[in-house]
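# Structural description and commentary
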Amino acid sequence: MTSNQELFQHAQRVIPGGVNSPVRAFKGVGGDPLFIAKAQGAHMYDVEGKAYIDYIGSWGPMIAGHGNENVLAAVHQAVDMGLSFGAPAPAEVTLAQQICDMIPSIDKVRMVNSGTEATMSAIRLARGFTGRNKIIKFEGCYHGHADSFLVKAGSGVLTLGIPGSPGVPDAVADLTLTVPFNDLPALSEVMSECGDDVAAIIVEPIAGNMNMIEPLDGYLQGMRDLCDEHGSVLIFDEVMTGFRVAKGGAQALYGITPDLTTFGKVIGGGLPVGAFGGRQEIMDYIAPVGPVYQAGTLSGNPLAMAAGSAMMKEISSEGFYQQLERTAQRLTAGLQAAADAAGMAFSTRVQGGMFGLFFSQKPANNFSDTSDESVETYKRFFHEMLDRGVYLAPSAYEAGFVSSVHSDDLIDETIEAAKEAFKAL
Ligand SMILES: *Cc1c(COP(=O)(O)O)cnc(C)c1O
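Residues numbered from 1 in each chain as written. Predicted model: local features only at pLDDT ≥ 70, side-chain atom pairs only at ≥ 80, totals over all residues. Heavy atoms only, no water.

## A short note on the overall build of the protein
Defined as follows: Helix numbering and strand numbering both begin at the N terminus, where a helix is a DSSP run of H or I of at least 4 residues and a strand a DSSP run of E of at least 2. For a compact globule the rule gives 2.2 Å times the number of residues to the power 0.38, and the radius of gyration it is set against comes from C-alpha atoms. Throughout this description, buried means an accessible area under 20% of the type-specific maximum (1.4 Å probe, protein chains only), exposed means over 50%, and partly exposed covers the range between. The criterion used for residue contact is that any of the two residues' heavy atoms lie within 4.5 Å. Values of accessible area rely on a 1.4 Å probe in the Shrake-Rupley scheme; residue burial ignores everything except the protein chains shown. Just so you know, the count uses Lys and Arg for positive and Asp and Glu for negative, and it drops His and the chain ends. The location of each charge is read from NZ of Lys, CZ of Arg, CG of Asp or CD of Glu.
Counting secondary structure elements, the protein contains 14 helices and 14 strands. Expected size for 425 residues packed as a compact globule is a radius of gyration near 22 Å; at 21 Å, the protein falls within 12% of this value. Seen along its three principal axes, the alpha-carbon backbone of the protein occupies a region of about 55 × 55 × 45 Å. Burial status across the protein gives 56% buried among its 425 residues. Sequence-distant contacts in the protein: of pairs separated by 6 or more residues, those separated by 24 or more amount to 73%. Of the roughly 17,600 Å² of accessible surface on the protein, a fraction of 51% belongs to carbon and sulfur atoms. Averaging the positions of the 28 positive and the 48 negative side-chain charges in the protein gives two centres separated by 2 Å.

## What about the domain arrangement of the protein?
Selection rule: Domain limits in this description derive from either an automatic procedure or a database domain assignment. Here the quantity called buried area is the accessible surface, traced with a 1.4 Å probe, that two parts lose on coming together, added over both.
Its domain assignment divides the protein into domain 1 (4-67 + 318-424) and domain 2 (69-315). Between the C-alpha centres of domain 1 and domain 2 there is a distance of 25 Å. Interface area for domain 1 against domain 2, summed over the two sides, is near 3,000 Å², with a carbon-plus-sulfur share of 64%. Together, Tyr321, Gln351 and Met354 form the three largest contributors to the area buried by domain 1 at its contact with domain 2, with a combined 21%.

## Digging into the nonpolar core
Convention followed: Each nonpolar core is a collection of buried residues, namely Ala, Val, Leu, Ile, Met, Phe, Trp, Tyr and Cys, held together in the definition by side-chain atoms within 4.5 Å.
Counting 72 residues, the largest nonpolar core has Tyr55, Ile99, Phe243, Ile315, Phe381 and Phe422 as the members making the most contacts within it. The element contributing the most residues to this core is helix α11 (residues 302-315), with 9 residues. For this core, the domains that each give at least three residues are domain 1 (4-67 + 318-424) and domain 2 (69-315). Sequence-distant contacts of Phe243, that is, excluding residues within four places in its chain, are made with Ile63, Ile99, Met102, Ile103, Gly249, Phe263, Val266, Ile267, Met312, Ile315 and Tyr321.

## As for the site of the ligand
So the rule is basically this: The cutoff for a nearby residue is simple: one of its non-hydrogen atoms must lie within 4 Å of the molecule or strand. In protein, a polar contact means a hydrogen-donor-capable atom and an acceptor-capable atom, both N or O and within 3.5 Å, with residues adjacent in sequence counting only if both atoms are side-chain atoms; elsewhere, any N or O pair within 3.5 Å suffices. In this classification, the charged set is Asp, Glu, Lys and Arg, the nonpolar set is Ala, Val, Leu, Ile, Met, Phe, Trp, Tyr, Cys and Pro, and all remaining amino acids, among them Gly, are polar.
Surveying the vicinity of the ligand reveals the residues Ser114, Gly115, Thr116, Tyr142, His143, Gly144, Glu204, Asn209, Asp237, Val239, Met240 and Lys265. In this structure, an oxygen atom belonging to the ligand sits 2.6 Å away from a side-chain N or O atom of Lys265. Alone, the ligand offers 380 Å² of accessible surface; in the complex the protein occludes 83% of this. Classifying every residue of the shell around the ligand gives 3 nonpolar, 6 polar and 3 charged.

## Some thoughts on the pairing of strand β5 (residues 134-138)
Quick note on the threshold: At least two bridges found by DSSP between two strands is the condition for calling them paired.
Burial within β5 is extensive, with 4 of its 5 residues counted as buried. Where β5 lies against strand β6 (residues 176-179), 4 bridges are found, and the strand directions are parallel. Looking at β6, one finds that Ile136 is bridged to Leu177.

## Section: the state of the cysteines
For clarity, the threshold we go by: Working definition: a disulfide is two cysteine sulfur atoms within 2.5 Å of each other.
Counted under the stated rule, the structure contains 0 disulfides. Free of any disulfide, Cys227 has its nearest neighbouring cysteine sulfur in Cys194, separated by 12 Å. Given a relative accessible area of 1%, Cys227 falls into the buried group.

## Observations regarding the sheet that holds strand β13 (residues 390-391)
One open sheet holds the 4 strands; their spatial order is β1-β2-β3-β13, and the pairing between them is mixed. The open sheet is flanked by β1 (36-40) and β13, the only strands paired with a single partner. Pairing of strand β3 (residues 51-54) with β13, which is carried by 2 bridges, proceeds in the parallel orientation. Of the residues in β13, the one forming a bridge with Ile53 is Val390.

## A short note on a negative patch on the surface
Our working definition: Grouping into patches uses exposed residues only, defined as over 30% relative accessible area, and leaves out salt-bridged ones; the cut-off is 9 Å for like charges and 5 Å for nonpolar side chains (Val, Leu, Ile, Met, Phe, Trp, Tyr). What makes a salt bridge here is a side-chain nitrogen of Lys or Arg within 4 Å of a carboxyl oxygen of Asp or Glu, nothing more.
On the surface, Asp196, Asp197, Asp225 and Glu229 cluster together into a negatively charged patch. Locating Asp196 in the fold gives a position in the loop between α7 (184-194) and β7 (198-203). The exposed category is assigned to Asp196, whose relative accessible area is 52%.

See below:
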């Protein structure tokens, strides 16, 4: 039998760092990554046969658990009809219609292959539409790895302590203005200085790539107002929060209508899908209707559309989000009680199927609220939990996810593991 260690050693010889996406390498928590042989329901199994209760869910897509039978059946059926056509196919229309029905701010939507492609395309569209070059993003927010976004970014960029990234030309980075999250006065100030040059403000409405940070009351509305005042496009990056924190995403939760929204993760049901959509007037600015170019050989791939469509049906079932939220709350309440009993400074956040764990008295409200000490404690907690068969995000800067198949028993098992883990810290 191949071991995790042998595979990682081999992987490092043929893949940079042994991984195809940096956060997977466990650099944020220390130690070597596990190699996953299969996943089913709420569990992942490594190549050594050890089972883990999974709280990453492939970083979001597995909201209905691994191996959901309806999603698998849809993909199996699609496989037999052909893997890719490079021509329009019915499944693209089905998924687009589902998205338009579920998210009122979306009149039209274009499919791409990843969240990165979605945000990259949305920014180009906003620039083309407004005829402006500058964009505003927030410190610790992650919008994929396109050049414009690798400025004070979250996720792996934060985990690895990379401030920006070599390879991003200054000329591009200079067009990205960054402002602290949850600081409306700071944003107002930047907008009053150069709002008329700002093509778009892009934001994770609930930031999930620097742990889980919710917008303060009035923050998103203030952002909406500033965009209206200056004619800038408001882009909600809901690659993580879309279909995750509520059926209608964070925009439904807070009652804010963005001009454009980006999706990924859940929307593909586990296959590589991203999407961007929004107001017809803006969406009709892309080719072939409008002048802004955007394309993709495998965009709208029939297998990916089948998986996405089946997933949209799953999450539309009666009571899906109530149950998801109940599960996530059972988890965070249980963890909080366990931490309190152990005398740990600990707090949590939860919204729909997304949660954040903080080794501090209160949850952070922006990136600079996170202390080095709490990050260090998270690292130890992560390993204590992993040893006990619970797979949390291998970074203190990532949100966690539950699925609809995380049963009460599994949540309770997780809380039991946490009781021991807190004691061992
Ligand atoms: C994951 C993520 C992305 C990038 O999506 P990829 O599919 O990894 O390219 C963009 N924005 C947010 C908010 C994300 O969480």
